[in-house]
Amino acid sequence: MTRLSGGLIDRSRSLSFTFDGRTFSGHPGDTLASALLANNVRLMGRSFKYHRPRGLIAAGSEEPNALVELRSGARLEPNTRATVAELYDGLSARSQNRIGSLSFDLLAMNDLLSPFFAAGFYYKTFMWPRAFWEKLYEPAIRRAAGLGSLSMQADPDAYDKGFLHCDLLVIGGGAAGLAAALTAARSGAQVILADEDFRLGGRLLAETHLLGDEPATEWVAGVEEELASLPNLRIMRRTTVFGAFDHGIYGAVERVADHLPEPGGKPRQTLWRITAKRAVLAAGAIERHIPFANNDRPGIMLAGAMRAFANRWAVSPAERVAIFTNNDDGHRTAIDLAAKGIEIAGVIDSRTDAKALGDYPIFAGGLVSNAKGRLGLTKIEVRQNGRSQWIDCGALGISGGWNPNLHLASHHRGRPVWDETLQSFVPAKDGPPGLIAAGAANGQGSTAAALRSGAEAAAQALAELDLKAMMPELPQAEDAVSKPQALWHVPGKGRAWVDFQNDVTVKDIKLAHQENMRPVEHLKRWTTLGMATDQGKTANVTALAVMSELTGKSIPETGTTIFRPPYTGVSLSVLGGGNTAEHFRPRRLTPTHHWAKSQGAVFVEVGPWMRAQYFPRPGETHWRETVDREVLATRKGVGICDVTTLGKVDVQGADAGEFLNRLYCNGMKTLKVGMVRYGLMLREDGIAWDDGTCARLAEDHYVVTTTTAQAGPVYRHMEFARQCLWPDMDVQLISTTDAWAQIAVAGPNARRLLERIVDEGFNISNEAFPFMACASLTICGGLRARLFRISFSGELAYEVAVPARFGHALMQRLVKTGKDLGATPYGTEALGVMRIEKGHAAGNELNGQTSPQMLGMGRMVSTKKDSIGAVMSRREGLAAETRRLVGLQPVDPAQPVVAGAHLFTEGAAQSMATDQGWISSAGYSPHIGAHIGLGFLAHGDERIGEVITAANPLDGQQVALRVVSAHFVDPDGGRLRD
Amino acid sequence: MLIPHPLLGLRDAQEFTYLGDARLIERPDGMAEGAEAAFADYVYLRDNPAGVHRELWFHEQGDRSWLVVTRDTVTHEILGAELARDVALRGKGGAA
Amino acid sequence: MTDLTPITALGADKPAKQQFGPLRISENPAAALASLALRRGASRPMPMGLELPGPGKWAAGHGVAAFWTGPDQWMIEAENRAIEDFAADLTAHAAGCSITEQTDGWTVFEIVSESGDAPIRAMMEKLVNLDVAAFGPGSATRTGLHHMSVFLIRRSGDRLAIMTMRSTASELWHVLEETAKGLG
């Protein structure tokens, strides 16, 4: 078939494309669908369940059938609607959901088995035997059903996101949307006009009516020019507003580069979060079809779509077409196509008083009851006055009336309201607040009504924002109100499709009714109606009407159907907004990151932080070898580790001490200036939450630390306490985590190393600067620093803090200066081993299930003061808890200790009832020469020396462990104080 | 959602962290008689209304203020917001 | 003077600087930062003669600048004083306040447009969920940006500063780079 005359395509240029390997050509302005039609391709897909041959139904984003795999290789995108795929030179597409070729699909045998695939078949067929589900049913269903396939390669393109704010968001750029945008923009409001199409105009592009005395496209061009010149209006083409969210927030996807072969440095799509004070929904309407037997033959489509293809794209699906309608609008298609030289086989109008509005045969009171042509329509059966006849035609346009496209208006459970005159649902008034429907989306579908209602909706929105509207002069336009006759399906034998994408027929709805699945919600799930990717845009209302016929209730009594976001499919790539791979979430780098990298460190993610896990040396073949060396070097000489990631909070004010007294379960007010104290924070329910140190730098100035993982939540909690619980206290808080690089220096040579960097005048001797002392000082020739004598490893240890920019250089200095002292950098792995050896609780022990008593810190909870969690930590349930933190060591040193294993009395039956506790942390201790662990054991403090069993049923392990003190290293703490 | 911050105007809820019932401001005195029963109520008992609810939101990606936001949990309509500190001071009979 | 050599937040010895079309993005490691919080009942000081701005605002003058960070709390900026103990100096100029050194807590990227405010606005739209039209010169706020916590300061129509925690500076630089390229 050659192109018709006219159309909004650029015939001066040709674009080459392929479909299922065959090469075709089209023009700029074409969609893949229009270009395929122009090349006589009508068969475009296979249906979901029965694999029936299918062609186009629609011309827009509501298309249920023509889903293709677009592009190839890593850029392959399945389930793309051919009707919205903008043609570009080199486009390649493949049909999907078939085995074999599109015209001979092996899975079409499903169609012959259809009696088994009726409503509810998933529920009825695949229920038993249970074991068959995973191995047989699911793979078979996944293979046979389902739509396109994925490339299984990473998406090579970039995506991004953005945020827009406006007074008025206009959704849809047709007659109503343009009138709304013009009204608001002329009035000075900040306006966004978004349309999913690549060309503004909406339905105006598909019709031949004049606006005033000019063609609609001329009027659109004029408005577009004015809008483009206004700085307060932003036009967003190729942008689908897919969801309405709370308080005027709308989600939109802009297809920035989908119409190009490759994005060429631009993001392919952008996810916009639009915050709009008001919005006008001008999304138009979607035409209804009328089910009859075999109504899914390729070539049977919506009459309005047929008209759009002819007028906008200058193509017709066939040389000879027929129309089946229940209203005047169907006749327009006949008139427009006839004007383009297409032969009209007849207009079959269900209304007995219907008259031809042009020069074509009319079948008043007629119905189309069947169709032939498996791979392309050849004949239709027409019933009229009790007689039936077969009429030759290559395509049939169906017009069953129009459903307002109220998708977004129902996103906040705004239940659509039935309009008896229009025979359709219109948007409810209780939809998303601030969203005003206009034009065909509101049932005001004539061009004149759409223009008027668009302008009025904008004026109403502006008035609500206290802005004065400047009403534009609107052109004269057609004002025909099409009142369809109620005709929801043609009764008869054979399968009549209601939902094309999910293969739901009138018969399925009858079966659902018979099986008492009558409420709409049940109907949907039993038949899968409306549950495909198109959410039943062309199906739901028809299905409701069929159900209402069966129940004898009215349509609104039968129910309504609402929609959820997204309006059309949104890719996960764009929802990710470009945050992928190593940028999936921001990584925090320590001040010594670049230094550690230069030393060949292996890194580990600790929450958002990247930390050096260990520093392998040449010749070391296993991480354990490295970690053992780092541990031993620290315990023998001196180890150095970046501990910046611990949260640091600066606490100042006259009441700082009292404030901390209430936050920590132990006392902080009595801490002397220049000293540090370990602190344990509880949750208000008495469970241990976080620990750290408090250093008192001045009477009214503390610096507290939190664990790395809880830095954010602890800060939030501290602000809660300050603002909500004790607002009358004089306390100021601010995080200083990133400001200071903090480096731990631990081991018997720690002091000797630090002596070499502290500036003259600072006395670092054990007497002047004892265990748990802190000070502000200068190091390395005048650099301001803070020094804390605290230890996580159990060795003589310090932490030194300097402004973060100097962390790198300080680390280099310590390693270099301490060479003769055995200075060895160590990572988080060695840090972890040493803290287990010392019996220090960490995240595994502070896991939200342990009380201070269990941690052996029950007596730390002061009874002399009120603090968060203190009261509840003493409640009966927690006081009666007997499990205590203990050390665990295998009787046979060759045996492993596995964290997570459960503890049992030796020889006892192993069950929930006899469970004695669990192992929280485990690792190899080079100091002990065996694996060791920390765990919580019932009456653990009274069972030192006992041999118990650690059971790890996952691996079938049973290991005999001896209960020991949790302090494997230096139990009396002499090293710390040396 | 948009939260009407009393100092900064409408801000997207993405900037905030939610805590829950604003009654958490009314923490019992841990040294008082019957503290354990009072804390059991405070920690575990919450009203869960379908309707108007006063709740705590933290402006984490903002000015670090805790707010008491009055929200209809059915419609998500927000009826007001004030600094939690002002609410707490009022509760203590002090000046805001 | 210490003999230790500082590095920038991006791990280099010189601050980053790059041109993307009309936008020049550069790291500013020279500004000293300190937070200032009023003690209970204290009256609002005028540190170094600067009047502290109200909520959502930034003000500059007398060699320093300040922006509001929370109730009774500000961040003070002092150009070219990063190497000094600016917090100590500020403490002397702000009696009755709690001062905390923040110089290395934050990394400042200055974005300057060579063609008016449009490129700055386009950049902001891609980065932060703020009403750009309402964020004119003299505005400052904290907000989220690609899951980071940042301060934004609109120093003028064609100048925007974005501050992020030092540990996320590399991540922010990457985001700025990608975003600026995507605008081209």
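Scoring rules and cut-offs
Residues numbered from 1 in each chain as written. Chains lettered and ligands numbered in written order. Predicted model: local features only at pLDDT ≥ 70, side-chain atom pairs only at ≥ 80, totals over all residues. Heavy atoms only, no water. Helix = DSSP H or I, 4+ residues; strand = E, 2+ residues; numbered from the N terminus. Buried < 20%, exposed > 50% of the residue type's maximum accessible area, 1.4 Å probe, protein only. Areas by Shrake-Rupley, 256 points an atom, 1.4 Å probe, with all protein chains shown as cover. UniProt positions renumbered as here; feature names shortened; annotations may be inferred. Axes fitted to C-alpha atoms, helices over the stretch in contact; angles between N-to-C directions. Parallel < 35°, antiparallel > 145°, perpendicular 65-115°, else oblique. Left-handed = near helix turned anticlockwise from the far one by under 90°. Contact = heavy atoms within 4.5 Å. Nonpolar A, V, L, I, M, F, W, Y, C, P; charged D, E, K, R; others polar. Domains from an automatic or database assignment. Buried area = accessible area lost by both parts, 1.4 Å probe. Salt bridge = Lys/Arg side-chain N within 4 Å of Asp/Glu carboxyl O. Polar contact = N/O pair within 3.5 Å; in protein donor to acceptor, adjacent residues only side chain to side chain. Core = buried A, V, L, I, M, F, W, Y, C linked by side-chain atoms within 4.5 Å. Pairing = 2+ DSSP bridges. Phe/Tyr/Trp six-rings, centres within 6.5 Å; stacked < 30°, edge-to-face > 60°. Lys NZ or Arg CZ within 6 Å of the ring centre and 35° of its normal. Expected span 1.5 Å × (residues − 1). Patch = residues over 30% accessible without salt bridge, like charges linked within 9 Å, V, L, I, M, F, W, Y side chains within 5 Å. Lys, Arg positive; Asp, Glu negative; His and termini not counted. Charge placed at Lys NZ, Arg CZ, Asp CG, Glu CD.

Brief notes about the overall build of chain A
Here comes step 1: When its secondary structure is counted, chain A shows 24 helices and 50 strands.
Here comes step 2: With respect to the principal axes defined by its C-alpha atoms, chain A has extents near 110 × 65 × 55 Å.
Here comes step 3: Among the 978 residues that make up chain A, the fraction classed as buried is 61%.
Here comes step 4: Carbon and sulfur atoms provide 53% of the accessible area of chain A, an area that totals close to 37,300 Å².

A closer look at the UniProt feature "domain: Aminomethyltransferase C-terminal" (unreviewed entry) in chain A
Here comes step 1: Look at the UniProt record and you will see "domain: Aminomethyltransferase C-terminal" (unreviewed entry) annotated at residues 883-970 of chain A.
Here comes step 2: Regarding residues 883-970 of chain A, the helix share stands at 0% and the strand share at 50%, and the terminal C-alpha atoms are separated by 24 Å.

Side note on the packing of helix α7 (residues 303-313) of chain A against helix α8 (residues 329-339) of chain A
Residue and element names in this part refer to chain A.
Here comes step 1: The geometry of α7 relative to α8 is characterised by a closest axis approach of 9 Å and an angle of 25° between their N-to-C directions. Viewed along their axes, α7 and α8 adopt a mutual orientation that is roughly parallel. Between α7 and α8 lies a crossing of left-handed hand. Facing α7, whose interface residues are Ala-303, Gly-304, Met-306, Arg-307, Ala-310 and Asn-311, α8 presents Asp-329, Arg-332, Thr-333, Asp-336 and Leu-337.
Here comes step 2: Taken together, the residues that form the contact of α7 with α8 break down as four nonpolar, three polar and four charged.

Here's the deal with the domain arrangement of chain C
Residue and element names in this part refer to chain C.
Here comes step 1: Once the domains are mapped, chain C shows domain 1 (17-29 + 105-183) and domain 2 (32-103).
Here comes step 2: At the interface, twelve residues of domain 1 touch twelve residues of domain 2.
Here comes step 3: Looking only at domain 1, the three residues that lose the most surface to domain 2 are Trp-106, Ala-140 and Arg-155, adding up to 37% of its buried area.
Here comes step 4: Taken together, the connections running from domain 1 to domain 2 amount to one salt bridge.
Here comes step 5: Here Glu-77 makes a salt bridge to Arg-155, at a shortest N to O gap of 2.8 Å.
Here comes step 6: Joining domain 1 to domain 2, the criterion identifies six residue pairs in polar contact (both at pLDDT 80 or more).
Here comes step 7: No other element matches the four residues that strand β10 (residues 148-156) contributes to the side of domain 1 that touches domain 2.

Comments concerning the interface of chain B and chain A
Here comes step 1: Every contact between the two is made by 35 residues of chain B and, on the other side, 30 residues of chain A.
Here comes step 2: Contact between chain B and chain A buries roughly 2,700 Å² in total, counting both sides, with carbon and sulfur atoms accounting for 59%.
Here comes step 3: Considering only the side of chain B, the residues that lose the most area to chain A are Arg27(B), Met31(B) and Trp66(B), jointly responsible for 22% of the buried surface there.
Here comes step 4: Scanning the region where chain B abuts chain A turns up four salt bridges.
Here comes step 5: The closest approach of N and O atoms between Arg716(A) and Glu60(B), which form a salt bridge, is 2.8 Å.

Quick look at the UniProt feature "domain: GCVT N-terminal" (unreviewed entry) in chain A
Here comes step 1: The UniProt record annotates "domain: GCVT N-terminal" (unreviewed entry) at residues 593-865 of chain A.
Here comes step 2: In residues 593-865 of chain A, the share of helix is 26% and the share of strand is 29%. The end C-alpha atoms are 43 Å apart.

Some words on the packing of helix α5 (residues 175-186) of chain A against helix α6 (residues 216-229) of chain A
All names here are of chain A.
Here comes step 1: Where α5 meets α6, the closest approach of the two axes is 11 Å, and the angle between their N-to-C directions is 30°. One element, α5, and the other, α6, form an angle in the roughly parallel class. Viewed along their axes, α5 and α6 form a crossing whose handedness is left-handed. Residues Leu-178, Ala-181, Leu-182, Ala-185 and Arg-186 of α5 touch α6, and the partners they reach there are Trp-219, Val-220, Val-223, Glu-226 and Leu-227.
Here comes step 2: Across the contact of α5 with α6, the residue classes break down as eight nonpolar, no polar and two charged.

Looking at the interface of chain A and chain C
Here comes step 1: In this complex, chain A contributes 55 residues to the contact, which on the side of chain C involves 47 residues.
Here comes step 2: Surface buried jointly by chain A and chain C totals about 4,300 Å² across both partners, of which 50% is contributed by carbon and sulfur atoms.
Here comes step 3: On the chain A side of the interface with chain C, the three residues burying the most area are Phe163(A), Arg784(A) and Arg805(A), jointly 18% of the side's total.
Here comes step 4: Here chain A is connected to chain C by six salt bridges.
Here comes step 5: At the level of secondary structure, the elements contributing two or more residues to the side of chain A that touches chain C comprise β8 (159-171), β15 (269-281), β31 (588-589), β35 (647-652), β39 (732-735), β42 (783-788) and α20 (807-817) of chain A.

Comments concerning the nonpolar core
Across soluble globular proteins, you tend to see nonpolar side chains buried next to one another.
Here comes step 1: With 53 residues, the main nonpolar core has Leu32(A) and Phe309(A) as its most contacted residues.
Here comes step 2: When neighbours within four sequence positions are excluded, Phe309(A) is seen to be in contact with Ala33(A), Ser34(A), Leu37(A), Leu56(A), Ala58(A), Ala59(A), Met301(A), Ala314(A) and Val315(A).
Here comes step 3: Counting residues in each nonpolar core, the second largest holds 42 residues, with Ala656(A), Tyr664(A), Ala721(A) and Trp66(B) among its members.

Some words on the sheet that holds strand β33 (residues 609-614) of chain A
Residue and element names in this part refer to chain A.
Here comes step 1: Judged by pairing direction, the sheet is mixed, and its three strands sit side by side in the order β31-β33-β32 without closing on themselves. The outermost strands of the open sheet, each flanked by one partner alone, are β31 and β32 (602-606).
Here comes step 2: In this sheet, β33 lies alongside β31 in parallel orientation, the contact comprising two bridges. Among the inter-strand pairings, Arg-588 is bridged to a residue of β33, identified as Trp-609.
Here comes step 3: Running at roughly 70° to β33, helix α21 (residues 828-838) makes contact with β32 and β33 of the sheet.

A short note on the pattern of salt bridges
Here comes step 1: Per the counting criterion, the structure on display carries 61 salt bridges over all chains.
Here comes step 2: Note that Arg234(A) and Glu125(C) form a salt bridge whose closest N and O atoms lie 3.0 Å from each other. On the criterion of chain membership, the pair formed by Arg234(A) in strand β12 (residues 233-236) and Glu125(C) in helix α2 (residues 118-127) is interchain, its members lying in two chains.
Here comes step 3: Owing to a relative accessible area of 30%, Arg234(A) belongs among the partly exposed residues under this scheme.
Here comes step 4: Residue Glu125(C) is classed as buried on the basis of its relative accessible area of 14%.

Quick look at unusual backbone geometry
Working note: non-glycine residues mostly have negative phi, and peptide bonds are mostly trans.
Residues and elements named next belong to chain A.
Here comes step 1: At the junction of Pro-565 and Pro-566, the peptide bond is cis and its omega measures out at 0° in the coordinates.
Here comes step 2: The backbone of Asn-79 sits at a positive phi, close to 60°, despite the residue not being glycine.
Here comes step 3: Locating Asn-79 in the fold gives a position in strand β6 (residues 77-81).
Here comes step 4: Given the relative accessible area of 27%, Asn-79 is considered partly exposed.
Here comes step 5: At Asp-466, a residue that is not glycine, the phi angle is positive and equals roughly 60°.
Here comes step 6: In this fold, Asp-466 is placed in the loop between α9 (447-464) and β29 (497-499).
Here comes step 7: Judged by relative accessible area, Asp-466 falls into the exposed class, the value being 71%.

Some remarks on the packing of aromatic side chains
Here comes step 1: Counted under the stated rule, the structure contains 20 aromatic pairs over all chains.
Here comes step 2: With a centroid separation of 5.4 Å and 70° between ring planes, the pair formed by Phe720(A) and Trp66(B) is classed as edge-to-face. Separated into two different chains, Phe720(A) in helix α18 (residues 711-725) and Trp66(B) in strand β5 (residues 66-72) make up a pair that spans both.
Here comes step 3: For Phe720(A), a relative accessible area of 8% corresponds to the buried category.
Here comes step 4: Note on Trp66(B): relative accessible area 2%, which makes it buried.
Here comes step 5: A cation sits over an aromatic face here: Arg624(A) above Tyr924(A), 3.6 Å from the ring centre.

Digging into helix α16 (residues 623-636) of chain A
Here comes step 1: Taking 1.5 Å per residue as the helical rise, α16(A) with its 14 residues ought to reach 20 Å, and the 20 Å between its terminal C-alpha atoms agrees with that figure.
Here comes step 2: All buried positions along α16(A) are accounted for by Thr626(A), Val627(A), Asp628(A), Arg629(A), Glu630(A), Val631(A), Ala633(A), Thr634(A) and Arg635(A).

Some remarks on the sheet that holds strand β21 (residues 367-372) of chain A
Residue and element names in this part refer to chain A.
Here comes step 1: The strand order β21-β22-β23 describes an open sheet built from three strands, whose pairing is antiparallel. With one partner strand each, in any of the chains shown, β21 and β23 (387-392) form the two edges of the open sheet. Across this sheet, the average inter-strand angle for adjacent strands is 25°, counted without regard to direction.

Describing α2(C)
Here comes step 1: Counting buried residues in α2(C) gives seven out of ten residues, a clear majority hidden from the surface.
Here comes step 2: Three or more residues of α2(C) are buried, namely Pro119(C), Ile120(C), Met123(C), Met124(C), Glu125(C), Lys126(C) and Leu127(C).

Considerations on the environment of Thr70(B)
Residues and elements named next belong to chain B.
Here comes step 1: Secondary-structure assignment places Thr-70 in strand β5.
Here comes step 2: Sequence separation between Thr-70 and Ala-37 is 33 residues, and the spatial gap between their C-alpha atoms is 28 Å.
Here comes step 3: Beyond its immediate stretch of four places on either side in the chain, Thr-70 contacts Val-52, His-53, Arg-54, Glu-77, Ile-78, Leu-79 and Gly-80.

Comments concerning a positive patch on the surface
All names here are of chain A.
Here comes step 1: A cluster of basic residues, Arg-413, Arg-415, Arg-525 and Arg-564, forms a positive patch on the protein surface.
Here comes step 2: Locating Arg-413 in the fold gives a position in the loop between β25 (402-404) and β26 (417-419).
Here comes step 3: On the basis of relative accessibility, which here comes to 54%, the residue Arg-413 falls in the exposed class.

With respect to the side chain of Asp167(A)
Residue and element names in this part refer to chain A.
Here comes step 1: Structurally, Asp-167 is set in strand β8.
Here comes step 2: At a separation of 3.0 Å, a polar atom in the side chain of Asp-167 contacts the side chain of Lys-277.
Here comes step 3: Beyond its immediate chain neighbours, meaning those up to four positions away, Asp-167 contacts Ala-189, Gln-190, Ala-276, Lys-277, Arg-278, Leu-465 and Leu-467.

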